[in-house]
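Listed below are the residues making up each chain.
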Amino acid sequence: IRRNPGETEFHQAVEEVAEVVIPFAQANPEYLESSVITRLTEPDRAVIFRVTWEDDRGEVHVNRGYRVQFNNAIGPYKGGLRFHPSVNLSILKFLGFEQVLKNSLTTLPLGAAKGGADFDPKGKSDREVMRFCQAFMTELSHHIGPNRDIPAGDIGVGTREISYLFGQYKRMSQEFAGVLTGKELSFGGSLIRTEATGYGCAYFMQEMLEHRGDSVEGKTCVISGSGNVALYCAEKLISLGAHVITLSDSSGFIHDSDGIDAHKLAWLKDLKFRRRGRIEAYCEEFPDAHFYPDSPPWTVTCDLAFPCATQNELSEDDAECLLQNGCIGVAEGANMPSTKGAIRLFREAKISYGPGKAANAGGVAVSGFEMSQNSMRMAWTREDLEDRLRKTMCKVHSECVEYGQEKDHVDYVKGANIGGFIKVADAMLDFGVV
Ligand code: NDP
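Residues numbered from 1 in each chain as written. Predicted model: local features only at pLDDT ≥ 70, side-chain atom pairs only at ≥ 80, totals over all residues.

*Asks:* Sorry if this is basic, but what is going on with the overall build of the chain here?
*Replies:* Within the chain one finds 15 helices and twelve strands. Here the C-alpha atoms of the chain give a radius of gyration of 21 Å, agreeing with the 22 Å that 2.2 N^0.38 yields for 434 residues. Expressed along its principal axes, the backbone C-alpha trace of the chain runs to roughly 60 × 55 × 45 Å. Across the 434 residues in the chain, those meeting the buried criterion constitute 50%. Of the contacts formed within the chain by residues at least 6 apart in sequence, a portion of 74% connects residues at least 24 apart. (Helix = DSSP H or I, 4+ residues; strand = E, 2+ residues; numbered from the N terminus. Rg over C-alpha atoms; globule rule 2.2 N^0.38 Å. Buried ≥ 20, exposed ≤ 12 C-beta atoms within 10 Å, placed from the backbone. Contact = placed C-beta atoms within 7 Å.)

Okay, here's the thing in structure tokens:
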């Protein structure tokens with residue numbers, strides 16, 4: 001805390017990990033050697049830079065760009081870029097730190113990084129977004145490379161932004177290199193990358209429930225967010241026979257007690273991905289649904305909850321409400337969406353609670369597959385990739401069980417943190433004091 005004053009999100013992420021990793025290290029003293037835990041909490045480097053761009057009226061704007069390269073002990077730096085006005089060093093350090101353990105859990109050779117800018121793509125024209133992305137990449141290109149650091153998307157960075165960023169990198173480097181993931185299929189993207197985080201989150205919930213002899217089929221599900229992760233999580237849950245009744249954005253949530261089906265979801269994808277509209281419009285198209293402004297959906301009675309919007313969107317009070325209403329499982333599509341108090345309640349209640357670093361690892365796993373396909377100059381089929389994604393989520397789940405099994409339940413927080421920690425810590429210890 002003394003070394004990182006004011007970085008509250010970063011402190012929160014480190015504390016959650018330290019609470020289980022320190023007792024583990026005390027029981028396994030080789031992990032107390034060479035300050036490996038402290039070294040893990042310090043990024044390799046953080047680059048901060050000015051991004052200057054011109055809007056459609058010729059006015060000049062200045063934003064702040066970042067890349068936090070956290071740890072490359074087990075592979076090149078890998079992690080998303082976030083464009084959102086709330087972006088700051090604390091948020092990117094928490095995301096980068098989470099990414100270290102998540103990428104390790106996938107069992108793929110991926111290090112960890114996170115980056116972005118305090119730029120808000122909302123309300124900007126395509127040309128303005130393009131000029132911003134080009135200015136951002138002009139500086140970022142000095143720090144990344146296909147064997148060095150391979151960014152991807154995150155909040156506010158989807159296929160459109162990745163395309164502009166890739167175009168600028170290609171122009172500057174004069175090379176066609178797999179330096180970003182989440183690309184369009186026509187220039188090296190992978191099938192199911194867009195769907196992977198949401199699908200993976202639904203698979204992870206299925207794994208947790210199957211482990212206790214249950215299934216998502218027929219369960220009522222509450223989802224927050226309506227971006228990339230939320231909509232594809234909804235899609236997979238619907239195909240697994242679940243009843244999805246809410247989605248949200250930063251203006252509020254919609255509740256459709258009839259259930260969001262494939263037809264309604266297709267309409268939502270068009271609203272969010274093409275027209276870039278607000279969630280409230282759903283109730284004009286489907287008038288039996290209700291819109292609740294300025295609140296998250298956690299008061300709605302459900303069996304399963306999927307926070308898929310942003311950090312700290314599910315408070316201790318929300319967790320209490322979910323538990324009182326009979327919720328038996330929570331899988332985090334977003335990174336660190338539950339506050340410390342909420343996590344404590346979920347763990348005490350011993351429900352199936354899958355923290356983000358395990359439940360949303362499907363996205364980075366398919367990014368890893370995109371890198372493999374780019375290196376081989378090949379494209380795998382949808383069936384092959386879906387199969388690999390399902391197997392990866394199954395492996396992540398098994399690792400959580402291996403390290404998190406308690407007498408009468410699985411503590412997924414413990415399992416994910418220890419499972420992710422061991423591989424990276426072992427590599428760092430093997431490297432000596434570096
Ligand atoms: P998107 O930008 O596609 O969607 C984000 C969604 O969350 C939008 O509906 C947005 O609403 C909502 N949201 C954002 N900020 C807030 C807020 N402060 N309050 C309420 N709602 C908010 O992002 P993604 O779906 O890609 O990412 C969502 C989460 O998943 C993030 O935590 C991200 O780090 C995590 N994640 C994403 C991965 C990926 O592959 N994309 C991989 C692993 C994790 P609005 O449009 O109104 O802002």
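*Asks:* Could you clarify how one ought to interpret the nonpolar core in this entry?
*Replies:* Considering soluble globular proteins, one finds that nonpolar side chains tend to be buried as a cluster. Phe204, Cys221, Ile223 and Cys233 are the most contacted members of the largest nonpolar core, which totals 124 residues. Looking at which element gives the most residues to this core, the answer is helix H6 (residues 193-211), with nine residues. Viewed by domain, this core spans two of them, domain 1 (42-180) and domain 2 (196-354), each represented by three or more residues. Apart from the residues lying within four places of it in its own chain, the contact partners of Phe204 are Ala331, Gly354, Ala358, Ala359, Met393, Val396 and His397. (Core = buried A, V, L, I, M, F, W, Y, C linked by C-beta atoms within 7 Å. Domains from an automatic or database assignment.)

*Asks:* So what exactly am I meant to see when it comes to the environment of Val364 here?
*Replies:* By secondary structure assignment, the location of Val364 is in helix H13 (residues 362-376). Looking at Val364, the number of C-beta atoms within 10 Å reads 26, which means it is buried. Here the alpha-carbon distance between Val364 and Leu108, two residues 256 residues apart in the chain, equals 9.4 Å.

*Asks:* Explain helix H10 (residues 316-324) here, please?
*Replies:* Count 3.6 residues to each turn of an α-helix, and residues three or four apart come out pointing the same way. Within H10, burial applies to Asp318, Ala319 and Leu322. In a view along the axis of H10, the buried residues occupy a sector of 100 degrees, so they form one face of it. As for H10, its buried residues are in contact with strand S10 (304-307) and helix H11 (340-349). Backbone geometry just after H10 places Gly326 at a positive phi near 95 degrees. (Arc of directions from axis to C-beta.)

*Asks:* Is there a simple way to explain the sheet that holds strand S1 (residues 45-54) in this structure?
*Replies:* Think of a sheet as strands paired side by side through backbone hydrogen bonds, with each pair either parallel or antiparallel. Spatially, the five strands line up as an open sheet ordered S1-S2-S4-S3-S5, and their pairing is mixed. Whereas interior strands pair on both sides, the edge strands pair on one side only; in this sheet they are S1 and strand S5 (149-152). Neighbour to neighbour, the strand axes of the sheet diverge by 20 degrees on average, direction disregarded. Examined bridge by bridge, S1 and strand S2 (residues 60-71) share ten bridges and lie antiparallel to one another. Residue pairing in the sheet places Ile48 in a bridge with Tyr66 of S2. (Pairing = 2+ DSSP bridges. Axes fitted to C-alpha atoms, helices over the stretch in contact; angles between N-to-C directions.)

*Asks:* I would appreciate a short explanation of the site of the ligand in the present structure.
*Replies:* Near the ligand lie 23 residues; those nearest to it are Gly227, Ser250, Ala309, Ala334 and Gly363. Per-element accounting of the shell around the ligand gives the leading share, three residues, to helix H7 (residues 228-239). Here the shell around the ligand is composed, by residue class, of six nonpolar, 14 polar and three charged. Viewed by domain, the shell around the ligand spans two of them, domain 1 (42-180) and domain 2 (196-354), each represented by three or more residues. (Near = placed C-beta within 6 Å. Nonpolar A, V, L, I, M, F, W, Y, C, P; charged D, E, K, R; others polar.)

*Asks:* Is there a simple way to explain the environment of Ala349 in this structure?
*Replies:* Looking at where Ala349 falls in the secondary structure, it is placed in helix H11. For the pair formed by Ala349 and Gln174, sequence separation is 175 residues and the distance between their alpha carbons is 55 Å.

*Asks:* Explanation requested: the packing of H6 against H7 in the structure shown.
*Replies:* When two helices pack together, their arrangement is given by the angle between the helix axes and by the axis-to-axis distance. As a packed pair, H6 and H7 sit with axes 7 Å apart at the nearest point and diverge in direction by 55 degrees. Classed by the angle they form, the pair H6 and H7 counts as oblique. The hand of the H6/H7 crossing is right-handed. Here Thr194, Glu195, Thr197, Gly198, Tyr199, Cys201 and Ala202 of H6 come into contact with H7, specifically with Asn228, Val229, Ala230, Leu231, Tyr232, Cys233, Glu235, Lys236 and Leu237. Of the residues assigned to the contact of H6 with H7, the class counts are nine nonpolar, four polar and three charged. (Parallel < 35°, antiparallel > 145°, perpendicular 65-115°, else oblique. Left-handed = near helix turned anticlockwise from the far one by under 90°.)

*Asks:* Would you take a moment to explain the sheet that holds strand S6 (residues 220-224) for this structure?
*Replies:* Strand order in this open sheet of seven strands is S9-S8-S7-S6-S10-S11-S12, and the pairing throughout is mixed. Two strands in the sheet have a free side with no partner beyond their single neighbour: strand S9 (290-293) and strand S12 (352-354). When the angles between neighbouring strand axes are averaged without regard to direction, this sheet yields 15 degrees. Looking at chain direction, strand S8 (residues 252-255) and S9 are connected through four bridges and run antiparallel. The residue of S9 that forms the bridge with Ile254 is Phe291.

*Asks:* How should the domain arrangement of the chain be read in this particular structure?
*Replies:* A common way to report how large an interface is uses the accessible area buried once the components associate. For the chain, the domain assignment lists domain 1 (42-180) and domain 2 (196-354). Computed from C-alpha atoms alone, the centre-to-centre distance between domain 1 and domain 2 is 27 Å. The interface is formed by five residues belonging to domain 1 together with five residues belonging to domain 2. Here the side of domain 1 that touches domain 2 is built from residues that sort into three nonpolar, one polar and one charged.

*Asks:* Teacher, can you tell me more about the pairing of S6 here?
*Replies:* A regular strand places its side chains so that they alternate between the two faces of the sheet. Extensive coverage of S6 is indicated by the burial of four of its five residues. Following the backbone out of S6, through H7 and into the adjacent parallel strand S7 (residues 243-249), one traces a crossover that is right-handed. Here S6 runs beside S10; their pairing, made up of four bridges, is parallel. When the sheet's bridge partners are listed, Ser224 is paired in S10 with Pro307. (Right-handed = clockwise from strand over helix to strand, strands pointing away.)

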